[in-house]
Amino acid sequence: MIKTGQQHIESLRDGRQVFINGGLAGDVTEHLAFKNSVASVGELYDFQSRPDNKEVMTFQTNSGHSANRIWQLPTSYDDLVERRKGLEAWTKLHAGFLGRSPDHVASCISGMRMGLEVFEENNPQFAKNLLNYYEHARDNDTYLTYVIINPQADRSKSASEQASEFIGAGVADQDGEGITLRGGKMLATGGIMANEVLVTQLVPLREGEEKYAFSCVVPMNAPGLKILSRKSYEQAADNRFDNPFSSQFDENDAVLYFDDVKVPWERVFVHNDVAMAQKQFHATPAHVYQNYQAQIRLSVKLKFLTGVAYRLAETNGVINFPQVREKLGQLAADAAMIDSNVHAMEAKGYYRNGYFLPDRHTLYASQTIAQQLYGNFLNTIRDLAGGGVIMLPSHVTDYNDPELAKYIDATQQSPICSSRERVKFMKLAWDVVGSEFASRHAHYEMFYSGASFVVKGHSFRTYDWAQATDMVDYFLDQIDLDDTLAGITSVAAE
């Protein structure tokens, strides 16, 4: 099934319990906090359903049906590249500002599917559940988010040591029909616009914490599931001219509380197993595949921000200043580095059980670098913008007053565009680098892949240290202390 935008929007009118601003949101497709972002996701599905986008956005399943490439399991380098092109095409529709777009968790589930043997070795029935669910989500074009960490609470203590047994979601009960979840999970980024949520644990658990070691999928309208939304930037962005990105791409974040939510056994993939809770990500391609998608998204986002920086320099008439070109050259190099890393992941890819996967260490190296780059991008763009992104008309309605509009036009000048085009562009630049929406994105890019030490740890564990140290040993082996001393003595004697 290739879903249309309207079909997806209709699927969200399912009675889900979203709480915001002191009460229930009701229909999220109509609420002022969410409706524009919901419509933006709808545009993704409309894009994929157009006949002229079929080749780039879809592939043929084994049963002969078309499916979105986000669910593709590549069996060759060419498959991996074609899938990436589809993800890039989708990402360009939001310039990378939908961090948890439908392709992210689909990549996670697809990665688990490519490591199905890990689940089979652990529990054949759970492996069957995963296989069936992957095919169900693929064939129904399901939009998934995930919640994979617990609310912070006391971070000096493990899950079982918290003040309350169910601060973090755990299995409170089980019977012949399934498990019952109780407690909180975060961050359900995009969850308000998603169909279902993967609920599990990424942070390692200890022996004795088995009740938190589970993995399952829950519909966003499941009885007992409470969706606690953060403040909506969209709701404060009342028009696209003043807030071109926050008005349409605020994917929102939410804490989920599971108030005794019943999950049928057929939706459970891991249960009561601390080791398997980790293996589902790291012994399968899941962690690599989902973060490979994130690097594709980021590469598009950095290209966009590089374009914003270049246009700022043009708009302010400084594009030919050597020091400005130096800054732009650095941004261009950094953006190209992330883009090149994505291609390198593919070029250095490898086969695993018949599937062709992106290189692990190149991925983690790229993530390590990316966490340091994003803040530099924002600071450079701010430097190029100066006060121009702040000293703007207060609201688009200022143009309704002819006298006021005259003064605005007189004070908003550019060598390359009209006064009003300048204001429109500067509003966009501020929205992506300086607004509250932009600040949230800066924070997101710092932490979505994990704390810095975690990401660097992945890089450490996956690097080919043997190859590096073998070169060191090669040169050390050519040095012999006794021979060196004998040679020096011989020369001195002569």
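Here is a short report on the structure shown in this document. (Residues numbered from 1 in each chain as written. Predicted model: local features only at pLDDT ≥ 70, side-chain atom pairs only at ≥ 80, totals over all residues. Heavy atoms only, no water.)

Observations concerning the overall build of the protein chain
The helix and strand inventory of the protein chain stands at 18 helices and 14 strands. For 494 residues, the compact-globule estimate of 2.2 N^0.38 gives 23 Å, and the protein chain sits close to it at 26 Å. Along the longest, intermediate and shortest principal axes, the C-alpha atoms of the protein chain span 95 × 85 × 50 Å. Residues classed as buried in the protein chain amount to 54% of the 494 residues present. The contacts of the protein chain with a sequence gap of at least 6 include a subset with a gap of at least 24, amounting to 76%. In the protein chain, 46 side chains carry a positive charge and 62 a negative one; their mean positions are 5 Å apart. (Helix = DSSP H or I, 4+ residues; strand = E, 2+ residues; numbered from the N terminus. Rg over C-alpha atoms; globule rule 2.2 N^0.38 Å. Buried < 20%, exposed > 50% of the residue type's maximum accessible area, 1.4 Å probe, protein only. Contact = heavy atoms within 4.5 Å. Lys, Arg positive; Asp, Glu negative; His and termini not counted. Charge placed at Lys NZ, Arg CZ, Asp CG, Glu CD.)

Quick word on the pairing of strand 9 (residues 214-219)
For strand 9, a buried count of five out of six residues is recorded, marking the element as mostly surrounded by other parts of the structure. Taken together, the four bridges between strand 8 (residues 196-199) and strand 9 define a ladder with antiparallel strand orientation. Of the residues in strand 9, the one forming a bridge with L198 is V217. In the sheet, strand 9 pairs with strand 12 (residues 268-271) via three bridges, with the strands oriented antiparallel. Paired with C216 across the strands is V268, a residue of strand 12. (Pairing = 2+ DSSP bridges.)

Things to note about the nonpolar core
In terms of nonpolar packing, the biggest core is built from 121 residues, with L181, V218 and F258 touching the most fellow members. When residues in this core are grouped by element, the largest group, twelve residues, is from helix 10 (residues 286-315). Here V218 is in contact with L181, E196, V197, V199, L225, F258, V261 and V263, once residues within four sequence places are set aside. One finds A159, L205, A213 and V274 within the second-largest nonpolar core, a separate group that totals six residues. (Core = buried A, V, L, I, M, F, W, Y, C linked by side-chain atoms within 4.5 Å.)

Quick notes on the side chain of E346
You can see E346 is positioned in helix 11 (residues 322-347). Owing to a relative accessible area of 0%, E346 belongs among the buried residues under this scheme. Among all residues touching E346, those that are not within four sequence positions of it are Y77, L80, V81, R84, Y292 and F356.

Remarks on the packing of aromatic side chains
Evaluation of the coordinates by the stated rule reveals 17 aromatic pairs. Judged by centre distance (4.8 Å) and plane angle (75°), the rings of Y463 and W465 are edge-to-face. Accessibility expressed as a relative area gives 42% for W465, which makes it partly exposed. With 5.0 Å between their ring centres and 85° between their planes, Y474 and F475 make a pair best called edge-to-face. (Phe/Tyr/Trp six-rings, centres within 6.5 Å; stacked < 30°, edge-to-face > 60°.)

What to know about the sheet that holds strand 12
Spatial strand order, 5-8-9-12: four strands in an open sheet with mixed pairing. Each edge of the open sheet carries a strand with a single partner, namely strand 5 (144-147) and strand 12. Taking each pair of neighbouring strands and ignoring which way they run, the sheet shows an average axis angle of 25°. Packing against the sheet, helix 5 (residues 102-114) makes contact with strand 5 and strand 8, and its axis sits at approximately 80° to strand 5. (Axes fitted to C-alpha atoms, helices over the stretch in contact; angles between N-to-C directions.)

Structural notes on the packing of helix 12 (residues 360-385) against helix 14 (residues 419-433)
At a minimum axis separation of 10 Å, helix 12 and helix 14 run at an interaxial angle of 150°. Classified by the angle their axes make, helix 12 and helix 14 are roughly antiparallel. Note that helix 12 runs across helix 14; the crossing there is left-handed. Contact with helix 12, carried on its side by L378, I381 and R382, involves W430, V432 and V433 of helix 14 and no other residues of that element. In terms of residue class, the contact of helix 12 with helix 14 is built from five nonpolar, no polar and one charged. (Parallel < 35°, antiparallel > 145°, perpendicular 65-115°, else oblique. Left-handed = near helix turned anticlockwise from the far one by under 90°. Nonpolar A, V, L, I, M, F, W, Y, C, P; charged D, E, K, R; others polar.)

As for the pairing of strand 8
Where burial is concerned, the two faces of strand 8 agree: the one with E196 and L198 and the one with V197 and V199 are both buried. Here strand 5 runs beside strand 8; their pairing, made up of four bridges, is parallel. Within the sheet, the bridge partner assigned to Y146 lies in strand 8 and is L198.

Notes on a nonpolar patch on the surface
On the surface, a nonpolar cluster with roughly 210 Å² of combined accessible area is contributed by L228, V255 and Y257. The exposure class of L228 is partly exposed, given its relative accessible area of 36%. (Patch = residues over 30% accessible without salt bridge, like charges linked within 9 Å, V, L, I, M, F, W, Y side chains within 5 Å. Areas by Shrake-Rupley, 256 points an atom, 1.4 Å probe, with all protein chains shown as cover. Salt bridge = Lys/Arg side-chain N within 4 Å of Asp/Glu carboxyl O.)

Quick notes on the packing of helix 12 against helix 16 (residues 452-462)
Look at helix 12 against helix 16: their axes get within 8 Å of each other, and the N-to-C directions meet at 150°. With respect to helix 16, the axis of helix 12 lies roughly antiparallel. By crossing handedness, the relation of helix 12 to helix 16 is classed as left-handed. Counting all contacts with helix 12, which are made through R360, H361, Y364, A365, Q367, T368, Q371 and Q372, the residues of helix 16 involved are S452, V455, K456, H458, S459 and T462.

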